[in-house]
Amino acid sequence: MKTVALLLCAALLAGCATGTATPGTQVAAERLGAIVPGRTTKAELLAGFGKTQSVVFDSGYETWLYQAPAGGGRFAEFVVLIDPAGVVAKTRQRAPANP
């Protein structure tokens, strides 16, 4: 149940992310497919994609937001939930909003 609540919070926070992307947040969509829940680690994310916008919860879980360019100045959002052990627990992708 806590995981569902954390994912909901992550989705809400991702929906609020606007403005210029911080360095390291833009990643080609095809590269994001390499992130595998239960296997990919926080260290691998940092090495492969760099730092990004993140939120750390008191529970030790973290959410990281990556953006994939979708053309026309729009971006798809890719949210990663990292468990307290530093392993990706879940991912969620949201298509870019229509102009």
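See the structure printed just above.
For the structure given in this document, a descriptive report is provided here. Since this is a predicted model, take the numbers as computed values, not measurements. (Residues numbered from 1 in each chain as written. Predicted model: local features only at pLDDT ≥ 70, side-chain atom pairs only at ≥ 80, totals over all residues. Heavy atoms only, no water.)

## Concerning the overall build of the protein
On a plain count of helices and strands, the protein comes out with three helices and four strands. Along the protein, from the amino end to the carboxyl end, the secondary structure elements read α-α-α-β-β-β-β. At a minimum sequence separation of 6, the contacts of the protein that also span at least 24 residues come to 48%. Accessible area of the protein: about 5900 Å², with a carbon and sulfur share of 59%. (Helix = DSSP H or I, 4+ residues; strand = E, 2+ residues; numbered from the N terminus. Contact = heavy atoms within 4.5 Å. Areas by Shrake-Rupley, 256 points an atom, 1.4 Å probe, with all protein chains shown as cover.)

## So, the pattern of salt bridges
One pass over the full model with this rule turns up two salt bridges. Notably, a salt bridge pairs Glu-62 with Lys-42, separated by 2.6 Å at the nearest N-O pair. With Glu-62 in strand S2 (residues 62–69) and Lys-42 in helix H3 (residues 42–49), this pair connects stretches of sequence that are 20 residues apart. The buried category is assigned to Glu-62, whose relative accessible area is 11%. Judged by its relative accessible area of 28%, Lys-42 falls in the partly exposed class. When the shortest N-O distance is used, the salt bridge between Glu-77 and Arg-94 registers 3.1 Å. Here Arg-94 lies in strand S4 (residues 88–94) and Glu-77 lies in strand S3 (residues 75–82), a separation of 17 residues in the sequence. Arg-94 sits in the partly exposed class, given a relative accessible area of 42%. (Salt bridge = Lys/Arg side-chain N within 4 Å of Asp/Glu carboxyl O. Buried < 20%, exposed > 50% of the residue type's maximum accessible area, 1.4 Å probe, protein only.)

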